[in-house]
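Each chain is listed here by its residues.
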Amino acid sequence: MTPQEPTSKETKRPLLWGRFSSFVLLIALVGVAIDQGSKLWLLYGFDLARNGPVDLLPFLEIVLVWNRGISYGLFQQNSDLGRWLLAGVTIAVTIGLWVWSARCQSRLVALALALVIGGAIGNGIDRLAFGAVVDFVHFHVGTFSWYVFNLADVWIVAGVAGLLYDSFRNGPNSAAK
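Since we're looking at a predicted model, the values are computed, not measured.

S.K.: Please clarify how helix α5 (residues 151–170) should be interpreted in this entry.
M.R.: Given 3.6 residues to a turn, an α-helix orients residues that are three or four positions apart in the same direction. Counted at 1.5 Å a residue, the expected span for α5 with its 20 residues is 28 Å, and the 29 Å between its end C-alpha atoms agrees. Of the residues making up α5, those classed as buried are A152, D153, W155, G159, G162, L163 and D166. The residue sitting at the N-terminus of α5 and contributing the capping side-chain oxygen is N150; that oxygen lies 2.8 Å from the backbone nitrogen of A152.

Next comes the structure, spelled out in structure tokens:
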């Protein structure tokens, strides 16, 4: 019996390093650096806690909010157990997204996953270092106030938008391929 070449269905897909992994790593690290740099500068360079809030435009200000929950302030955690559970979930989700990125075949999906990974790591660092995520961008119009967010949140929203765009552009489940 002679060995046969595996068919495309039998070919193993990479688990931890794939076609776009270097790209994903670079984008995620740049996103983390920009996010963390902005937060550290606002906390320690500008001292936002003492000098803020700062009105930038009639509808935009820089304020300091410590978010002990997840997006939109959901699931607020005021205990160390809750903090560490959210940190653990962040680590697990980030690992899952990395594995997905190692298997993806599209640069758009790789970019989108890199943005989500970078945002998750940026907010995860805050949670581990401070016990809460540093949020500082506040949009408001009159008495209507949108939630306060940070650059990591922007990366996550942009990444999810990229994944949604890819799924609609190429049909169901295209982002998962």
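There is more to say, and it comes next.
S.K.: Explanation requested: the packing of aromatic side chains in the structure shown.
M.R.: Centre distance and the angle of the planes are the two values used to describe a pair of aromatic rings. On inspection of all chains with the given rule, the structure shows nine aromatic pairs. Between W17 and W98, the aromatic rings sit 5.8 Å apart at their centres with planes inclined by 45°, giving tilted as the arrangement. Residue W17 is located in the segment before α1 (21–45), and its partner W98 is located in helix α3 (residues 80–103); the two are separated by 81 residues in the primary sequence. Their ring planes at 25° and their centres at 5.8 Å tell us that F139 and F149 sit as a pair that is stacked. Of the two residues, F139 is situated in strand β3 (residues 133–141) and F149 in strand β4 (residues 144–149); the sequence distance between them amounts to 10 residues. In this arrangement the basic side chain of R107 is found over the ring face of F23, its NZ or CZ atom lying 4.7 Å from the centre.

S.K.: Got a minute to help me understand a nonpolar patch on the surface in this structure?
M.R.: A contiguous nonpolar surface patch, about 610 Å² in accessible area, is contributed by L56, L57, F59, V141, F144 and W146. Taken together, the elements giving at least two residues each to the nonpolar patch come down to β1 (54–57) and β4. Positionally, F144 belongs in strand β4. A relative accessible area of 54% means that F144 is categorised as exposed.

S.K.: What's the story with the nonpolar core in this structure? I'm lost.
M.R.: Within soluble globular proteins, side chains that are nonpolar generally end up buried alongside one another. With 14 residues, the main nonpolar core has V24 and I117 as its most contacted residues. Mapped onto this core, the elements with two or more residues apiece are α1, α3 and α4 (107–130). Counting residues per element, this core draws most heavily on α4, at seven residues. In this structure V24 touches W98, S101, A110, A114 and I117, once residues within four positions along its chain are discounted.

S.K.: For this particular structure, what's the right way to read the pairing of β3?
M.R.: Both faces of the sheet carry side chains from a regular strand, because those side chains alternate between them. The buried count for β3 comes to seven of nine residues, which makes it a mostly enclosed element. Sheet analysis places strand β2 (residues 60–67) next to β3, joined by six bridges and oriented antiparallel. Bridged to W66 within β3 is V134. In this sheet, β4 lies alongside β3 in antiparallel orientation, the contact comprising four bridges. If you follow H138 over to β4, its bridge partner there is V148. Taking the residues that link successive antiparallel strands as the turn, the β3-β4 hairpin has two residues, and the phi of G142 there is positive, at about 60°.

S.K.: In this structure, what is going on with the side chain of N150? I would like to understand it.
M.R.: In this fold, N150 is placed in the loop between β4 and α5. Accessibility expressed as a relative area gives 0% for N150, which makes it buried. In this structure the side chain of N150 is engaged in a polar contact, spanning 3.0 Å, whose partner is the side chain of N123. Reaching out from N150, the side chain makes a polar contact with the backbone nitrogen of D153 at a distance of 2.8 Å. If we ignore the near neighbours within four places in the chain, the residues touching N150 are D35, K39, N123, V133, V134, D135 and F136.

Reading the values: rules and limits
Residues numbered from 1 in each chain as written. Predicted model: local features only at pLDDT ≥ 70, side-chain atom pairs only at ≥ 80, totals over all residues. Heavy atoms only, no water. Helix = DSSP H or I, 4+ residues; strand = E, 2+ residues; numbered from the N terminus. Expected span 1.5 Å × (residues − 1). Buried < 20%, exposed > 50% of the residue type's maximum accessible area, 1.4 Å probe, protein only. Polar contact = N/O pair within 3.5 Å; in protein donor to acceptor, adjacent residues only side chain to side chain. Phe/Tyr/Trp six-rings, centres within 6.5 Å; stacked < 30°, edge-to-face > 60°. Lys NZ or Arg CZ within 6 Å of the ring centre and 35° of its normal. Patch = residues over 30% accessible without salt bridge, like charges linked within 9 Å, V, L, I, M, F, W, Y side chains within 5 Å. Areas by Shrake-Rupley, 256 points an atom, 1.4 Å probe, with all protein chains shown as cover. Salt bridge = Lys/Arg side-chain N within 4 Å of Asp/Glu carboxyl O. Core = buried A, V, L, I, M, F, W, Y, C linked by side-chain atoms within 4.5 Å. Contact = heavy atoms within 4.5 Å. Pairing = 2+ DSSP bridges.

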